[in-house]
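# Structural overview for review
Letter by letter, the chains look like this.
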Amino acid sequence: MKITVVGAGAVGATSADNIARKELASELVLLDIKEGIAEGKALDMMQTAALFGFDTRITGSTNDYSKTADSDVVVITSGLPRKPGMTREELIGTNASIVKGVTENLLKYSPNAIIIVVSNPMDTMTYLTLTSSGVPKERIIGMGGILDSARFKCYLSQALGCSPNDLNAIVVGGHGDTTMIPLIRYATWNSVPVTEFLSQEQQQKIVADTMVGGATLTKLLGTSAWYAPGAAVAALVESIVRDEKRLFSCSVSVNGEYGQSDICLGVPVIIGRNGWEKIIDYKLNEQEQTTFSKSADAVRNMNDVLKTL
Ligand SMILES: NC(=O)C1=CN([C@@H]2O[C@H](COP(=O)(O)OP(=O)(O)OC[C@H]3O[C@@H](n4cnc5c(N)ncnc54)[C@H](O)[C@@H]3O)[C@@H](O)[C@H]2O)C=CC1
Ligand SMILES: O=C([O-])CC(=O)C(=O)O
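The numbers attached to residues start from 1 for each chain and follow its sequence in the written order. Note on labels: chains are lettered from A, ligands numbered from 1, in written order. Reporting in this predicted model follows two pLDDT cut-offs: at least 70 for local features of residues, and 80 or more for side-chain atom pairs to be given and counted; totals over whole chains, interfaces and linings ignore these cut-offs and use all residues.

### Here's the deal with the overall build of the protein chain
Selection rule: Segments assigned H or I by DSSP are reported as helices when at least four residues long, segments assigned E as strands when at least two residues long, and all are numbered from the N terminus. Only C-alpha atoms enter the radius of gyration, while the globule expectation follows 2.2 Å times N to the 0.38, with N the number of residues. To sort residues by exposure, count the other C-beta atoms lying within 10 Å of each residue's C-beta; 20 or more gives buried, 12 or fewer gives exposed, and values between give partly exposed, all with C-beta atoms placed from the backbone. A pair of residues counts as a contact when their C-beta atoms, built from backbone coordinates, are separated by no more than 7 Å.
What the protein chain contains, in helices and strands, is ten helices and 14 strands. Taken against the 2.2 N^0.38 rule, which gives 19 Å for 309 residues, the C-alpha radius of gyration of the protein chain at 19 Å falls within 12% of a compact globule. Principal-axis analysis of the C-alpha atoms gives the protein chain an extent of 55 × 45 × 35 Å. Scored against the burial criterion, the 309 residues of the protein chain give a buried share of 47%. Across the protein chain, the fraction of contacts at a sequence separation of at least 24, relative to all contacts at a separation of at least 6, is 69%.

### Describing the domain arrangement of the protein chain
Stated formally: Each domain span listed reflects an automatic or database assignment of domains. The classification used treats Ala, Val, Leu, Ile, Met, Phe, Trp, Tyr, Cys and Pro as nonpolar, Asp, Glu, Lys and Arg as charged, and all other residues, Gly among them, as polar.
For the protein chain, the assigned domains read domain 1 (2-144) and domain 2 (145-308). Taking the mean C-alpha position of each, domain 1 and domain 2 sit 21 Å from one another. Across the contact, 39 residues belong to domain 1 and 42 residues belong to domain 2. Of all elements in the fold, only α1 (10-21), β4 (73-76), α4 (92-109), β5 (114-117), α5 (122-133) and β6 (140-142) reach the threshold of two or more residues within the side of domain 1 that touches domain 2. Residues that form the side of domain 1 that touches domain 2 fall into these classes: 21 nonpolar, eight polar and ten charged.

### Observations regarding the site of ligand 2
How we decide: We call a residue near a molecule or strand if the C-beta atom, set from the backbone, is within 6 Å of it.
Neighbouring residues of ligand 2: Pro81, Arg82, Arg88, Asn120, Leu147, Gly214, Thr218, Ser224, Ala225 and Pro229. The class makeup of the residues in the shell around ligand 2 is four nonpolar, four polar and two charged. The residues that make up the shell around ligand 2 include at least three from each of domain 1 (2-144) and domain 2 (145-308).

### Digging into the environment of Tyr109
Within the fold, Tyr109 resides in helix α4. Taking C-alpha positions, Tyr109 is 8.6 Å from Lys67, a pair spaced 42 residues apart along the chain. Dropping the residues within four chain positions of it, Tyr109 is found in contact with Tyr65, Ser66, Thr68 and Ala69.

### Concerning the UniProt feature "domain: Lactate/malate dehydrogenase N-terminal" (unreviewed entry) in the protein chain
Selection rule: UniProt positions are given in the numbering used here, feature names are shortened, and annotations may be inferred rather than shown by experiment.
Here the UniProt feature "domain: Lactate/malate dehydrogenase N-terminal" (unreviewed entry) sits at residues 1-142. The span residues 1-142 is 39% helix and 20% strand, and its two end C-alpha atoms sit 21 Å from each other.

### Notes on the site of ligand 1
For ligand 1, the set of nearby residues contains 36 residues, the closest of which are Gly7, Gly9, Val11, Ser78 and Asn120. At the level of elements, α1 and α4 are the ones that each hand at least two residues to the shell around ligand 1. Counting residues per element, the shell around ligand 1 draws most heavily on α4, at four residues. Of the residues in the shell around ligand 1, the class split is 18 nonpolar, 14 polar and four charged. Two domains each put at least three residues into the shell around ligand 1: domain 1 (2-144) and domain 2 (145-308).

### A closer look at the nonpolar core
The following threshold applies: Core membership is restricted to buried Ala, Val, Leu, Ile, Met, Phe, Trp, Tyr and Cys residues, and these are joined into a nonpolar core through C-beta atoms within 7 Å.
In this structure, Val73, Ile76, Ile116, Val117, Met143, Leu236 and Val237 are the most contacted members of the largest nonpolar core, which totals 87 residues. Among the elements that take part in this core, helix α9 (residues 227-241) stands out by supplying seven residues, more than any other. Counting contributing residues per domain, this core is built from domain 1 (2-144) and domain 2 (145-308), each supplying no fewer than three. Those residues in contact with Val73 that lie beyond four places of it in its chain are Ile3, Ala113, Ile114, Ile116, Val237, Ile240 and Val241.

Structure (structure tokens):
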């Protein structure tokens, strides 16, 4: 198994670190446009192999895509992160051309790879990758909902005073401060709805905190987060390479599901060796469906911006 991570910045390097520690690949390539950074981080990580006990061979490359040849999975994290006060959507002007160019280069050497898109605005970057590449839709997966769902579980666990591992909770819709939809009605604590233990006020606060989870971290850090994003990327890669069939919220090309088409949006989807396999229809109630449609409208407006760039 060969995996490439493009972008050796905060998220790319953390993703690669997790992928190596989990031994998800025999070969892992980190690529960046900045001279030496990917090689340096790859060597630094390689020197943890004897300490963590993994056998993955990690190499770095400054923009030489021939080193990424025949990758089974590629992860795109290249592009600008936001700064405090910005939305993810404001990154579109810079990141669209980066993501498009990186995808073209990757596909020259790994035409059969499964592509994971992380760069923001993620749903629109996933749509751009799909529409500009001609790669079958099952092989293009936007990562956002796994991270948002982990944050949702974090806030739920704090309110309930319980282990996040005993929680089941999912966030669907767009990966944006106003577009994500934490489905609290469906969240459970070891099979019991969390709504039975939380007041309306607590529920509203958890949902609101989850939606601005990324913005909260950006304000604290001065740039956006990387530990949970890197862990979420690794979980997604793991379900692919081990064919785990995990049910994750990922941004994929919907075709009538949840009342939407010609858009990539976060929906519950089964992830296996061939990419995303099946969208699962959670029966949204009227209010959730209305929120989902509004989320889709916002993402579609962003996708329309691509035509003006
Ligand atoms: N979808 C999600 O859940 C998340 C998405 N993100 C997004 O991921 C992206 C990366 O974030 P960070 O790693 O924090 O940023 P960063 O600035 O630490 O790293 C980005 C890296 O991309 C590289 N890069 C830029 N253009 C390139 C090109 N053409 N080819 C190869 N490499 C190139 C830069 O040199 C830099 O090393 C941002 O767009 C951020 O908004 C971040 C966290 C979560
Ligand atoms: O907040 C950001 O800009 C980065 C991101 O997507 C996240 O951490 O959820």
